[in-house]
Amino acid sequence: MKKYVRIVAALVLLVGCWLVPGRAQAQIQLNLTGNYLAPVESGSSFSDGLWGGGATGRYFLNQNLAVGLNARYSTRRESASASGGGVTATATANFNILQVTAQGEYFFGEAAYPLRPYAGLEAGIYRSAYKIDLTTNAGVGGTDSDNVTNFGVAPKAGVQYALTPALGVNFDAGLHLVFGEGGTSKFLLLGLGVYYNLGSN
């Protein structure tokens, strides 16, 4: 876990130092989004995704270049029941994924434009967890749970539309590649939300 934190911190520092010459135009932006995280591997379905939300903090080093941090949480709950021989069993499963990533982004056009597309790259830690509860009408049951933390990267693209100099809407999409011991998991993340520029009039 500490190894992943050091990697993310190093990425933020590296990108920040690279872009320092533009710091005179620095601006902070906060972004809140609703997200849908869908697996895109062979055999998976888009409907198997997880709903969630997140927050992004951006630091614009000039009008086109920004670095930032993301925190997102996605979850899914499923349940199923079966009966036989007078016994009814119900299984409830909860899945969740916590993402904490650093990012660098390039915004096209000038800051005064209301519509601004952008592209970027994220890297950070992905903590996946599940919990399964089994209950029966015979009073027998149990719980199983586990979690794992992996490193991942995600190329991304999005667009912002300014409603006022301080407030606007944001849409983005990213392909998240999570590297685990059993291979690489792939997810498509879609996000829609609002942003606020601190210090804008």
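Residue positions are given per chain, counted from 1 along the sequence in the order it is written. Thresholds applied to this predicted model are a pLDDT of at least 70 for local features of residues and 80 or more for the giving and counting of side-chain atom pairs; totals over whole chains, interfaces and linings are not thresholded and use all residues. Hydrogens and water are ignored here; the side-chain numbers use all heavy atoms of the structure.

### Regarding the side chain of N96
- Elements are defined by DSSP. Helices are runs of H or I of four residues or more, strands are runs of E of two residues or more, and each kind is numbered from the N terminus. Of note, N96 is situated in strand β4 (residues 87-107).
- Relative accessibility thresholds used throughout: buried, under 20% of the residue-type maximum; exposed, over 50%; partly exposed, between the two (1.4 Å probe, protein chains only). According to the relative accessible area criterion, N96 is buried, its value standing at 17%.
- Look past the residues within four positions of N96 in its chain and what remains in contact with it is L50, Y73, S74, T75, R127, S128 and A129. Between two residues, a contact is recorded if the distance between any of their heavy atoms is within 4.5 Å.

### Here's the deal with the sheet that holds strand β6 (residues 141-162)
- A pair of strands is treated as paired once DSSP finds two or more bridges between them. Strand order in the closed barrel formed by eight strands is β1-β2-β3-β4-β5-β6-β7-β8, with antiparallel pairing between adjacent strands. On average, each strand axis in the sheet is inclined to that of its neighbour by 25°, with strand direction left out of account.
- As paired elements, strand β2 (residues 50-60) and strand β3 (residues 65-84) share 10 bridges and run antiparallel to each other. Its bridge partner being in β3, G52 is matched across the sheet by S74. The convention used is that axes are lines fitted to C-alpha atoms, helices contributing only their stretch in contact, and that angles between N-to-C directions extend from 0 to 180 degrees.

### Structural notes on the packing of aromatic side chains
- Pairs were defined over the aromatic rings of Phe, Tyr and Trp, the Trp ring being its six-membered one, requiring ring centres within 6.5 Å. Orientation was assigned from the angle between planes: stacked under 30 degrees, edge-to-face over 60, tilted for the rest. Applying the stated criterion across every chain yields a total of five aromatic pairs.
- Judged by centre distance (5.1 Å) and plane angle (50°), the ring pair of Y36 and F46 falls under tilted. Remark: F46 occurs in the loop between β1 (27-39) and β2 and Y36 occurs in strand β1; sequence separation between them is 10 residues.
- Overall, Y36 belongs to the buried group, its relative accessible area being 9%.
- Through successive ring pairs, a cluster of aromatic residues spans Y36, F46 and W51.
- Criterion for a charge above a ring: Lys NZ or Arg CZ within 6 Å of the ring centre, and within 35 degrees of the ring normal. Above the ring of Y118, the side-chain terminus of R58 is found at 5.2 Å from the ring centroid.

### A short note on the pattern of salt bridges
- Salt bridge criterion: a side-chain nitrogen from Lys or Arg within 4 Å of a carboxyl oxygen from Asp or Glu. Evaluated as defined, the whole model comprises six salt bridges.
- As a salt-bridge pair, R76 and E78 come within 2.6 Å of each other at their nearest N and O atoms.
- For R76, a relative accessible area of 22% puts it in the partly exposed group.
- As a salt-bridge pair, E122 and K156 come within 3.0 Å of each other at their nearest N and O atoms. Pair noted here: E122 is in strand β5 (residues 115-136) and K156 is in strand β6, with a separation of 34 residues, a long-range link.
- Judged by its relative accessible area of 2%, E122 falls in the buried class.
- On the basis of relative accessibility, which here comes to 7%, the residue K156 falls in the buried class.
- Through salt bridges with shared partners, a single network forms among R58, R72, E105, E122, K156 and D172.

### Notes on the environment of E78
- Along the polypeptide, E78 turns up in strand β3.
- Setting aside residues no more than four positions away along its own chain, E78 makes contact with A91, T92, A93 and F95.

### Structural notes on the pairing of strand β7 (residues 167-180)
- Sheet analysis places β6 next to β7, joined by 10 bridges and oriented antiparallel. Each bridged residue has a counterpart across the sheet, and for K156 the counterpart in β7 is G174.
- Two elements, β7 and strand β8 (residues 183-197), share 14 bridges in a ladder whose sense is antiparallel. Within β8, the residue paired with D172 across the bridge is G191.
- Between the end of β7 and the start of β8, which pair antiparallel, lie two residues.

Everything listed here is a matter of geometry and, on its own, says nothing about what the molecule does.
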